[in-house]
Structure formats: C-alpha cells, structure tokens
Amino acid sequence: VIDSVPVHHGKFALALRPEDGEYAFYQLSLRKDNALTTIAKKGDQLRFTIDAQPMVKSYCVTGGHEAELLCELDHQLSLFIDSVQILEQYYYVDIEDDSLRSYINYCYLQIKNHHKEYLKNFICQNPQSLACLVAFYQKYNNGKFFSEEEDRDILMFIYDNLSKKYPNNENVKWLGKRCS
C-alpha cells in the first residue's frame, strides 16, 4: 500500500508523486475483492468516475491516455465476462442436454476468439502503450487469451515497441526477461 484516503460523500482525492517520470501501475480499491488497476506517470492528473459495485466494471477515467486505454480494456473484458456468464446460466439450466452443452461450448469458443481478436487489434493499434502488457496477459477465471510460447510473435512485437519508448521502465525490463 502506497497510500490510502477516506471517501467522503462519495469523493476522494489522492496525490502520488512518482520519483521518476516513468509510468507505474496503481491499484485503487475499496476492498480486496473490489478494485481496479490504472496507470499513471509524473504529471498525470487522473479523474475517475466510479460506481462502487463493482469498480472495474463501472469506472471511467480521464486525464491520462494510458489510464484511458486500461479502462477500455477493462470494459471490453467486462463485456466478455457478461457474455460468458449468460452462457453459463444456459449451460446449467439443462446440463443433461448434450447437444445444448455442445452448442454452448461452441458459442463460448466464438466469444473467446472474438475477444482475443479484439486484444490483438488493441495491441496493433497501440504498439507503444504499456496497456499492451495488460492486454497480452489479460485472463478470466485462470483462462488466458494468449500464451507466451504460442503467441511469442505478439509478445516480441510488444517488447520491441515498448523497449524503444520506455527503456528504463521496470515493467518493460520484466518483459525483456520473459522474452529472453
């Protein structure tokens, strides 16, 4: 925990001053199970609008391009999760129906592939954004969309672009170790 502040009448203000000019990831939370991750660097002034339940699904942020990209990723993942949860409901309504289960599995794979394509496009459209790290490592219920081994070309694309723009960023250095 770097800092904490009380929430008064639904509002809070927090000033963090990174020592260097590098981007860093920050987690905002009300509880351990209700949090969101954002990114900021020295000089960024982020403004959040958040519904407390659940934060990650409902927040909007302005004031920092990287934070806005992370917000976009969170919202897209929320849409994926909503779709999967609807499929799960149908799955358990008539669990004995093999043809229905097969169709639901097919639909799940289609939704998962669409989300993976969204993530690939996101990475290609934002090659010098640290949000690409989050896009590549995004997962749901321990299910990953990318694999470091199978999708190494994407991972190297991310590293090549980020290492040029952020050679001293700790997250990029970490990625370099993963790629070697």
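It should be noted that the structure appears before, not after, this text.
Residues numbered from 1 in each chain as written. Predicted model: local features only at pLDDT ≥ 70, side-chain atom pairs only at ≥ 80, totals over all residues. Heavy atoms only, no water.

Here we look at the pairing of strand β1 (residues 24–31)
(1) Moving on: Pairing of β1 with strand β2 (residues 34–40), which is carried by 7 bridges, proceeds in the antiparallel orientation. In the strand pairing of β2, Arg 31 is matched with Asn 34.
(2) Moving on: Linkage of β1 to β2, two consecutive antiparallel strands, is achieved through a turn of 2 residues. (Pairing = 2+ DSSP bridges. Helix = DSSP H or I, 4+ residues; strand = E, 2+ residues; numbered from the N terminus.)

Here we look at the packing of aromatic side chains
(1) Moving on: Here the structure, examined in full by the defined rule, presents 11 aromatic pairs.
(2) Moving on: Measuring from ring centre to ring centre gives 5.9 Å for Tyr 23 and Tyr 166, while their planes differ by 85°; the resulting arrangement is edge-to-face. Here Tyr 23, found in the segment before β1, pairs with Tyr 166, found in the loop between α5 (152–165) and α6 (170–179); they are 143 residues apart in sequence, far enough to count as distant.
(3) Moving on: What makes Tyr 23 buried here is its relative accessible area of 13%.
(4) Moving on: Classification of Tyr 166 by relative accessible area gives buried; the value is 8%.
(5) Moving on: Aromatic pair Phe 80 and Tyr 108: ring centres 6.4 Å apart, planes at 50°, arrangement tilted. Separated by 28 residues along the polypeptide, Phe 80 in helix α2 (residues 65–93) and Tyr 108 in helix α3 (residues 98–125) bring together distant segments of the chain.
(6) Moving on: On the basis of relative accessible area, Phe 80 is assigned to the buried category, the value being 4%.
(7) Moving on: By the ring-pair criterion, three or more aromatic residues cluster together here, those being Phe 80, Tyr 108, Tyr 140 and Phe 145. (Phe/Tyr/Trp six-rings, centres within 6.5 Å; stacked < 30°, edge-to-face > 60°. Buried < 20%, exposed > 50% of the residue type's maximum accessible area, 1.4 Å probe, protein only.)

A closer look at the pattern of salt bridges
(1) Moving on: Evaluated as defined, the whole model comprises 6 salt bridges.
(2) Moving on: The partner of Arg 178 in a salt bridge is Glu 148, and the shortest N-O contact between them spans 2.8 Å. Taken together, the residues span a long stretch of sequence, with Arg 178 in helix α6 and Glu 148 in the loop between β6 (143–144) and α5 at a distance of 30 residues.
(3) Moving on: Residue classification places Glu 148 among the buried positions, given a relative accessible area of 17%. (Salt bridge = Lys/Arg side-chain N within 4 Å of Asp/Glu carboxyl O.)

With respect to the packing of α2 against α3
(1) Moving on: Running from N to C, α2 and α3 point in directions that differ by 175°, and their axes come no closer than 10 Å. Comparing their axes, α3 and α2 come out roughly antiparallel. Contacts from Leu 69, Glu 72, Leu 73, Gln 76, Leu 77, Phe 80, Ser 83, Val 84, Leu 87, Tyr 90 and Tyr 91 in α2 reach Leu 100, Arg 101, Ile 104, Asn 105, Cys 107, Tyr 108, Ile 111, Lys 112, His 115, Tyr 118, Leu 119 and Phe 122 in α3. (Axes fitted to C-alpha atoms, helices over the stretch in contact; angles between N-to-C directions. Parallel < 35°, antiparallel > 145°, perpendicular 65-115°, else oblique. Contact = heavy atoms within 4.5 Å.)

Considerations on the side chain of His 115
(1) Moving on: With respect to the helices, strands and loops of the structure, His 115 is situated in helix α3.
(2) Moving on: Once residues within four sequence positions are removed from consideration, His 115 is found in contact with Gln 76, Leu 77, Phe 80, Gln 138 and Phe 145.

Some thoughts on the packing of α5 against α6
Each pair of packed helices gets described by two things: the angle between the helix axes and the distance between those axes.
(1) Moving on: With their axes 10 Å apart at the nearest point, α5 and α6 run at an angle of 145° to one another. For the pair α5 and α6, the crossing hand works out as left-handed. When α5 is examined against α6, the residues Arg 152, Leu 155, Met 156, Ile 158, Tyr 159, Leu 162 and Ser 163 are found in contact with a partner set consisting of Val 172, Leu 175, Gly 176, Arg 178 and Cys 179.
(2) Moving on: Tallied by class, the residues present in the contact of α5 with α6 amount to 8 nonpolar, 2 polar and 2 charged. (Left-handed = near helix turned anticlockwise from the far one by under 90°. Nonpolar A, V, L, I, M, F, W, Y, C, P; charged D, E, K, R; others polar.)

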